[in-house]
Each structure stands twice: as structure tokens, then as C-alpha cells.
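Summary of the model geometry
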Amino acid sequence: CIDQNIPEHHTTRTTSHHYHNRNTMAPKTLLDKIVYAIRQQPAASANGVSRAAIVKYLTAEFGVDKTKAASKKAFKDGVSKGILIQTGQSFRVKGDKVPEVVDEPKVKIEELKEGKGPAAESGDTVTVKYEGKLTDGTVFDSAKSFEFTLGAGEVIKGWDQGIAGMKVGGKRKLFVPSKLGYGKRGAAPEIPPNADLQFEVKLKS
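Note on numbering: residues in each chain are counted from 1, in written sequence order. It should be noted that, the model being predicted, local features are given only for residues of pLDDT at least 70 and side-chain atom pairs only at 80 or more, the latter also being counted only at that level, while totals for whole chains, interfaces and linings use all residues. Side-chain metrics rest on all non-hydrogen atoms present in the structure, leaving aside hydrogens and water.

1. A closer look at helix α2 (residues 51-62)
Helix numbers and strand numbers start at the N terminus; a helix is a DSSP run of H or I with at least 4 residues, a strand a run of E with at least 2. Given the number of residues in a helix, its expected span is that number minus one, multiplied by 1.5 Å. Between the first and last C-alpha of α2 there are 16 Å, a value that for 12 residues agrees with the 16 Å anticipated at 1.5 Å per step. Contacts between residues were defined by any pair of non-hydrogen atoms, one from each residue, lying within 4.5 Å. Lining the buried residues of α2 we find α1 (30-39), β1 (49-50), α3 (69-80), β2 (84-87) and β3 (90-93). A positive phi of about 70° marks G63, the residue just after α2.

In C-alpha cells:
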């Protein structure tokens, strides 16, 4: 039930940086591939393309293992060398034109309980306990244990956005706008079209 609205092709951007003509050559290093992936995808915000979207592209186009530590190192190297600019979990290529995008809706997060340990991030396999409600209070789904890969598009966008940063044992209430949930289609019969959703989520592992 995940919306995938990725156009088939995009105009390639250029830059005055030393990566200027790399987009006309087959990318060789993992960092080259990250730069290529950023330029081939629509930015979700002026901050660039999300780490999750980049990793997903690398996996699909180049067969890069999304769980490899090498990917995280390549992102860090790109930032430290001044090739990439990072804002939160989004990246853009230094020197490229800043994307002009319409403000996207965001998940409203209410922190109910702070967990312990490292924060969940894109690429992590997480297990949650949750209950989902419509805005009128109707419970449409719940589970004591549900496992998925964060940021891999396996769940609605509102979850990828709202669960990132949680720590084990932590609880959050997520207010997910329709566009980050099931959108115009809904998920019949439980979820009507254009429905805003509310979730109470506990991160188990």
C-alpha cells in the first residue's frame, strides 16, 4: 500500500565541483554512485534526497547491499570531503542547484516515553508494537510485534518518517497526514480515501 511516485527519468544536473562530468560516465566508487543516485532522483525537500531514497536507488540500480557499513562510511566521507552537503538525513551535491520543491506534509510526533540505546535510523531492521486509529477514534489495525526495515519503503511514508530516531523502549504517538499514509486510494474497507491517521507506537527492538 505504499505510494511510489518516482518518475521514470529526470533531467541530469551539473555542477562546478570536480564531479562536473561524472554524470556522463559510469560511476565506479560507492561515493560516485551516491552522487549519481542523488542526481537521478527528485528531491523531497530543499535539503536534497533522503538517505533512504538514495540507498534504495543504489540497491535497485547497482546491487549495493543496503545493510553494508560501507554505505554509511561513503556518506560520511562525502560530507567530510566537501562533496556532499548533509541536512538531517538528506543529502545534496555541493555546487548543484538547490532543489525547488513544494513543502511536503510532515508527521506530527508526540513523544510519550523516551527509550534507551542508539536511535533507529534508515536501514535498521526494527520491531514495533502499535495501534492505528482513524481521527474519529476507530481502531483499524494493531499488532503486538511487527518487523520491517526502516526507510526501505516497506511501510507507509509516515512510519518511515515518524519512527526514525526512536530508541528501544520508547513510545510515540504519530499523527500521519493522508499524503504520508494511504492517500486518495485509502485501504478498503478499514481506511477510507484521504484519511488522516493516528498511531501509538512502541519500539521493541
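2. Section: the packing of α1 against α2
Helix packing for two helices is described by the angle between their axes and how far apart those axes are. Throughout, an axis means a line fitted to C-alpha atoms (over the contacting stretch in the case of helices), and angles, computed between N-to-C directions, take values from 0 to 180 degrees. At a closest axis distance of 9 Å, the pairing of α1 and α2 adopts a crossing angle of 110°. The angle between α1 and α2 places the two elements in the roughly perpendicular class. Contact with α1, carried on its side by L30, K33, I34, Y36, A37 and I38, involves I54, Y57, L58 and F62 of α2 and no other residues of that element. When grouped by side-chain class, the residues that make up the contact of α1 with α2 number 9 nonpolar, no polar and 1 charged. Working definition: roughly parallel below 35 degrees, roughly antiparallel above 145 degrees, roughly perpendicular at 65 to 115 degrees, and oblique for all remaining angles. Polar here means any residue outside two lists: the nonpolar Ala, Val, Leu, Ile, Met, Phe, Trp, Tyr, Cys and Pro, and the charged Asp, Glu, Lys and Arg; Gly therefore counts as polar.

3. Considerations on the pattern of salt bridges
Should the charged atoms of two oppositely charged side chains come close, the side chains can pair. Take a side-chain nitrogen of Lys or Arg and a carboxyl oxygen of Asp or Glu: if they are within 4 Å of each other, that pair is a salt bridge. Across all of its chains, the model carries 6 salt bridges by this definition. The closest approach of N and O atoms between R39 and D96, which form a salt bridge, is 3.1 Å. Taken together, the positions of R39 in helix α1 and D96 in the loop between β3 and β4 (108-113) put the pair 57 residues apart, joining distant regions of the chain. The burial state of R39 is the same as that of D96; both residues are buried. Ionic pairing is found between E111 and R172, a salt bridge with its closest N-O pair at 3.2 Å. Taken together, the positions of E111 in strand β4 and R172 in strand β7 (residues 171-176) put the pair 61 residues apart, joining distant regions of the chain. Residue classification places E111 among the partly exposed positions, given a relative accessible area of 41%. When a residue's accessible area, from a 1.4 Å probe over protein chains only, is under 20% of the maximum for its type it is buried; when over 50% it is exposed; and in between it is partly exposed.

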